[in-house]
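Architecture and fold: a report
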Amino acid sequence: MHEVALSQQLARVVARGAAGREVLSVQVEVGHLRQVVPEALRFAWSAVRKNTLRGPAELHITEIPAVVICRECQAKTQLGEYLDFRCGQCSSREVQTISGEEFRVVSIDVTPERNH
């Protein structure tokens, strides 16, 4: 389950960004081609964050669909569950992936710093 390794890496990035403050929430975008199971990532995150971060650190995942553009007719096609890398318009296999490979931290919501 690579979701555990992803959660550990994510927690390290979030901890650096939080700089000791409590983490309220984390927003990530995950592309369909990353083959991450959102429920498994949430489960792994719930265990990893407890040992790494302060605060509730709720994980919010936005799934990004896999989309290709045809090099022949320029049509964009959103790939389905079975990842048929063909143009939906002309059936060409000469396509380029334009989304779906993301794994990106969009935001980290932390408690404000207190001035002493």
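For the structure itself, consult the block above.
Parameters at a glance
Residues numbered from 1 in each chain as written. Predicted model: local features only at pLDDT ≥ 70, side-chain atom pairs only at ≥ 80, totals over all residues. Heavy atoms only, no water. Pairing = 2+ DSSP bridges. Helix = DSSP H or I, 4+ residues; strand = E, 2+ residues; numbered from the N terminus. Axes fitted to C-alpha atoms, helices over the stretch in contact; angles between N-to-C directions. Salt bridge = Lys/Arg side-chain N within 4 Å of Asp/Glu carboxyl O. Buried < 20%, exposed > 50% of the residue type's maximum accessible area, 1.4 Å probe, protein only.

Quick word on the sheet that holds strand β4 (residues 76-78)
Within a sheet, adjacent strands bond to each other through the backbone by hydrogen bonds, running parallel or antiparallel. Strand order in the open sheet formed by three strands is β4-β3-β5, with antiparallel pairing between adjacent strands. Because the sheet does not close on itself, it has two edges, and the strands there are β4 and β5 (95-99). Within this sheet the neighbouring strands show an average axis-to-axis angle of 35°, counted without direction. In terms of strand pairing, strand β3 (residues 67-70) meets β4 through three bridges, oriented antiparallel. Along β4, the bridge assignment pairs V68 with T77.

Let's talk about the pattern of salt bridges
Applying the stated rule across the entire model yields four salt bridges. For R104, the salt bridge goes to E29, with nearest N and O atoms at 2.8 Å. In this pair, R104 is assigned in strand β6 (residues 103-110) and E29 in strand β1 (residues 23-31), connecting sequence segments 75 residues apart. When the shortest N-O distance is used, the salt bridge between R93 and D84 registers 3.6 Å. On the accessibility criterion, R93 (54% relative accessible area) is exposed. D84 gets classed as partly exposed once you look at its relative accessible area, which sits at 37%.

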